[in-house]
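Survey of secondary and tertiary structure
Below, each chain spelled out in residue letters.
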Amino acid sequence: MKSLGELEIMLVGGKRLRGALGPLCGVTALSAIDWQRCMDAAPRHDFLLVEGRPDIERGWAAELDRLLAACGEAGVPRLLWVTAAPLRPYWLDRCASFERVFTIDRGQLGALGNAGAPMPTTLWPATAFSIEAQRPRDINVTWLGNWNPDWPPSWRRRLEAILRGAHDHGLHKAAAGENRSALLRRTKVVVAADEQSGSVTLAPPLAFDAIACGAAVITPHEFSNIHDFGVGAAQGESRRDLLPSVSDETETAAELGQLLTDDLMREEIVEHLQRIVANNHTYRHRLATLASAAGYRLVPDAVGSAPG
Amino acid sequence: MRSVQHLVETQFSVQMGKELTREWLAQRLKLLREITLPSIRAQSTEDFTWLLLCDQATDTEAMEQLREEEKALPNLRIELTSADRSPLAAARSIVRTDADVLITTRLDSDDAIADSYLEAIQDYADSFHDSPHERLLVNFPQGYRLDLGRDLLYEDWMPNSSFHSLFERPCRHSARTVKGPGQTHLRPFYTSTYRRLAVLGPKGAGAPHVRLHHHYPTHQDESMRAWLISVHGGNWFNRVDEETAPLPRERKPEGFSFASALEGEKRE
């Protein structure tokens, strides 16, 4: 096998992941009702990918255990990718049944390891959007607007403070049903707060989508340091975080003040971030990494990502 | 038949603004012999050249010992550098311009690689060759840190490790490169990166390899624990995070046969 396109995978996952991986390789999306038929119908499956989403147990319940057992007997590698927080007991109970476990939230690694997950590892989300060229933008700051009453109080306070800091800079809250990609392409700076998960240590997919769409990003999550999104200026000047994490009103106002008053600097930052995303954070990259965990050594076989 | 050349590049005594004292050289030679060299000998493939770069001003005694190692290990090739012969020129001298794929893997002279690491990297040659990439970095983020002073082993994960491999196409570049045949780009990139990017503050490593992913398409392979960084008095940056717990003492690094031999020597 020489390219990702030749892979045949089974997927238990949500719409975003199905849509992102579908153009890249052979994907059989399984349902709890007829997974056995799908599994029997194809001559070969290179691995099973299960997305650890919060609502999946409602549909799958005991069927997932049967699927995992069947894949184990057939020698099909089983990969779990947890893509939300908090970590459900459902996944902790099952994580030891997989060959490898990944998560977009590094704060979950300890719990997964203690539950028997083999080599639990951070694997960030990615973007399926094409990298957008710079264009005139008429919205200063966008927040996608979802609010979850089940979030921890500390997270709610953090996000409230950040939104207060953004308020005087022309904060636009997305309306219900507003087209996400169109909105990101009109926005100069996105407050990349995950719409579902109130976890500081989670890497939000929105950050990568926003960058692909040409927006700068500030985020209440703390994740960018582990892959170094910083650049240092010439000696004597301070390091600049390209993807700054903010935790209060003052930090938010300061970052937005810089990003919104210096268009050239903002565009340079976005250009640099887009290069990083194109080189590292598309679903081709994620598929290639997941494939490596299943024993396949295939490069992410093109620069850039599938059209979004 | 596709031809692949694989260089493992180690800078042993290339001057980086410090004096090559006998004491420093003796310590580095000890680490090379105890850690790096055994892991190279244990490799599951023989299809590579281990390029050891030494400044021509390196102490004669140290060079004699290195030349002895070179005689004993067919894969090892020592090349000298100087003010008039850069590491790039030294690497260029052994690059085959007719190779379809050139792989350059970085390895520090006090670190180790898993027995199957080089073979695992070479597994990507076909996929890279058939891809549209002109260049690609392949990194294995999973590894270990070994605190030599306290004999403690830690698991580690680095998406921008110092053990990355650069894939290139020298035969494609040789006709068009103004400066000459295609060659590894690691060294000139490091040089230009040092100039352009400041060393980070106390918490940052500052090494340019942490920023390579900014500039090159990068693939992360999660198939194995691939490397071992030794932590000792001489490497200031390679400290173990105080919050990280060591592995139980009976655990050995998996896939590193030299580590068992090291343990055996200690008992003796």
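Notes on the structure in this doc start here. (Residues numbered from 1 in each chain as written. Chains lettered and ligands numbered in written order. Predicted model: local features only at pLDDT ≥ 70, side-chain atom pairs only at ≥ 80, totals over all residues. Heavy atoms only, no water.)

1. Considerations on the overall build of chain A
Summing up its helical and strand segments, chain A has 12 helices and 12 strands in all. Here the C-alpha atoms of chain A give a radius of gyration of 20 Å, agreeing with the 19 Å that 2.2 N^0.38 yields for 308 residues. Taking contacts inside chain A between residues at least 6 apart in sequence as the whole, the part at least 24 apart equals 68%. With the model as given, the accessible surface of chain A reaches about 12,300 Å², and the carbon-plus-sulfur share is 49%. Where the 32 positive side-chain charges of chain A centre and where its 37 negative ones centre are 3 Å apart. (Helix = DSSP H or I, 4+ residues; strand = E, 2+ residues; numbered from the N terminus. Rg over C-alpha atoms; globule rule 2.2 N^0.38 Å. Contact = heavy atoms within 4.5 Å. Areas by Shrake-Rupley, 256 points an atom, 1.4 Å probe, with all protein chains shown as cover. Lys, Arg positive; Asp, Glu negative; His and termini not counted. Charge placed at Lys NZ, Arg CZ, Asp CG, Glu CD.)

2. Remarks on the overall build of chain B
Each helix and strand in chain B was counted, giving 9 helices and 11 strands. Classification of the 268 residues of chain B by burial places 59% in the buried group. Sequence separation of at least 24 residues holds for 78% of the intrachain contacts in chain B that already meet a minimum separation of 6. Total accessible area computed for chain B in this model is approximately 12,100 Å², and 49% of it derives from carbon and sulfur atoms. (Buried < 20%, exposed > 50% of the residue type's maximum accessible area, 1.4 Å probe, protein only.)

3. Quick look at the sheet that holds strand E6 (residues 136-139) of chain B
Residue and element names in this part refer to chain B. Judged by pairing direction, the sheet is mixed, and its 7 strands sit side by side in the order E3-E2-E1-E4-E9-E6-E10 without closing on themselves. A strand with exactly one partner marks an edge of an open sheet, and here the two such strands are strand E3 (76-81) and strand E10 (218-220). Neighbour-to-neighbour, the strand axes of this sheet turn through a mean angle of 25°, independent of strand direction. Across 4 bridges, the pairing between strand E4 (residues 101-106) and strand E9 (residues 165-168) is antiparallel. When the bridges of E9 are listed, Thr104 appears paired with Leu166. Of the strands in this sheet, strand E1 (4-13), strand E2 (49-55) and E3 touch helix H2 (residues 60-72), which is tilted by about 150° from E3. (Pairing = 2+ DSSP bridges. Axes fitted to C-alpha atoms, helices over the stretch in contact; angles between N-to-C directions.)

4. A word on the nonpolar core
All names here are of chain B. Counting residues in each nonpolar core, the largest one holds 51 residues, and the members touching the most others are Trp50, Leu52, Leu66, Tyr117, Phe140 and Phe167. Considering each element in turn, this core owes the most residues, 7 residues, to helix H1 (residues 22-41). With residues up to four places along the chain from it excluded, the contact list for Leu66 reads Phe12, Leu29, Leu32, Leu52, Cys54, Leu76 and Ile78. (Core = buried A, V, L, I, M, F, W, Y, C linked by side-chain atoms within 4.5 Å.)

5. Let's talk about the pairing of strand E3 (residues 47-52) of chain A
Residues and elements named next belong to chain A. Among the 6 residues in E3, 6 count as buried, and that is most of the element. Across the two faces of E3 the burial is the same, with Phe47, Leu49 and Glu51 and Leu48, Val50 and Gly52 all buried. Sheet topology places strand E1 (residues 8-12) next to E3; 4 bridges connect them, and they run parallel. Opposite Ile9, over in E3, you have Phe47 as the bridge partner. With 5 bridges joining them, E3 and strand E4 (residues 78-82) adopt parallel strand pairing. Residue pairing in the sheet places Leu48 in a bridge with Arg78 of E4.

6. Quick word on the pattern of salt bridges
With the rule as written, the count across this model stands at 37 salt bridges over all chains. Across the pair Glu34 of chain B and Lys30 of chain B runs a salt bridge whose closest N-O atoms are separated by 3.2 Å. With Glu34 of chain B and Lys30 of chain B both in helix H1, this residue pair falls 4 residues apart, about one helical turn. Among the ionic contacts, a cluster of salt bridges with common partners joins Arg16, Arg180, Glu195 and Asp209 of chain A. (Salt bridge = Lys/Arg side-chain N within 4 Å of Asp/Glu carboxyl O.)

7. Let's talk about a negative patch on the surface
All names here are of chain A. Negative charge collects at one region of the surface, where Asp262, Glu267, Glu268 and Glu271 lie side by side. The residue Glu267 is located in helix H11 (residues 263-280) in this model. Among the residues examined, Glu267 registers a relative accessible area of 33% and is labelled partly exposed. (Patch = residues over 30% accessible without salt bridge, like charges linked within 9 Å, V, L, I, M, F, W, Y side chains within 5 Å.)

8. Observations regarding the packing of helix H7 (residues 153-167) of chain A against helix H10 (residues 249-261) of chain A
All names here are of chain A. Running from N to C, H7 and H10 cross one another at 40°; their axes reach a closest spacing of 7 Å. When the axes of H7 and H10 are compared, the pair comes out oblique. The two elements H7 and H10 cross, and the hand of that crossing is right-handed. Contacts from Ala161, Ile162, Arg164, Gly165 and Ala166 of H7 reach H10 at Glu249, Thr252, Ala253 and Leu256. Class assignment for the residues of the contact of H7 with H10 results in 5 nonpolar, 2 polar and 2 charged. (Parallel < 35°, antiparallel > 145°, perpendicular 65-115°, else oblique. Left-handed = near helix turned anticlockwise from the far one by under 90°. Nonpolar A, V, L, I, M, F, W, Y, C, P; charged D, E, K, R; others polar.)

9. Quick word on the packing of aromatic side chains
For the structure shown, the criterion picks out 11 aromatic pairs over all chains. Residues Tyr117 of chain B and Phe140 of chain B carry aromatic rings whose centres are separated by 5.1 Å and whose planes lie at 85° to one another, so their mutual orientation is edge-to-face. You can see Tyr117 of chain B sitting in helix H4 (residues 117-122) and its partner Phe140 of chain B sitting in the loop between E6 and strand E7 (142-147), a full 23 residues away along the chain. The pair Tyr117 of chain B / Phe140 of chain B is uniform in exposure class, with both members buried. Considering the side-chain rings of Phe163 of chain B and Trp227 of chain B, the 5.3 Å spacing of their centres and the 10° angle between planes classify their relative orientation as stacked. In this pair, Phe163 of chain B sits in the loop between strand E8 (152-157) and E9 while Trp227 of chain B sits in strand E11 (residues 227-231), placing the two residues 64 residues apart along the sequence. For the pair Phe163 of chain B and Trp227 of chain B, one class covers both residues: buried. Grouped by ring-pair contacts, the aromatic residues Trp124, Phe208 and Phe223 of chain A constitute a single cluster. Between Arg169 of chain B and the ring centre of Phe128 of chain B, over which it is positioned, the NZ or CZ distance is 4.4 Å. (Phe/Tyr/Trp six-rings, centres within 6.5 Å; stacked < 30°, edge-to-face > 60°. Lys NZ or Arg CZ within 6 Å of the ring centre and 35° of its normal.)

10. Some words on unusual backbone geometry
Most peptide bonds take the trans configuration, and most residues that are not glycine carry a negative phi. Look at the link from Ala85 of chain A to Pro86 of chain A: it is a cis peptide, with omega at 0°. Tracing the chain through its elements places Pro86 of chain A in the loop between E4 and helix H5 (89-94). You will see that Met119 of chain A, though not glycine, has its phi angle at about 45°, which is positive. Position of Met119 of chain A among the secondary structure elements: in the loop between helix H6 (109-114) and strand E6 (121-122). The backbone of Asp151 of chain B sits at a positive phi, close to 55°, despite the residue not being glycine. Inspection of the secondary structure assignment puts Asp151 of chain B in the loop between E7 and E8.

11. With respect to the layout of surface pockets
Residues and elements named next belong to chain A. Approximately 690 Å³ is the volume found for the second largest pocket. Along the walls of the second largest pocket sit 30 residues, with Arg16, Leu17, Glu51, Thr83 and Pro205 positioned nearest its centre. Those elements that place two or more of their residues in the lining of the second largest pocket are helix H1 (15-21) and helix H9 (205-212). No other element matches the 5 residues that H1 contributes to the lining of the second largest pocket. A class-by-class count of the residues in the lining of the second largest pocket yields 15 nonpolar, 6 polar and 9 charged. (1 Å grid on protein atoms, 1.4 Å probe; cavity = no way out; pocket = protein on both sides within 12 Å on 5 of 7 lines; lining within 4 Å. Points joined across faces, edges and corners; volume = space filled by probe spheres on them.)

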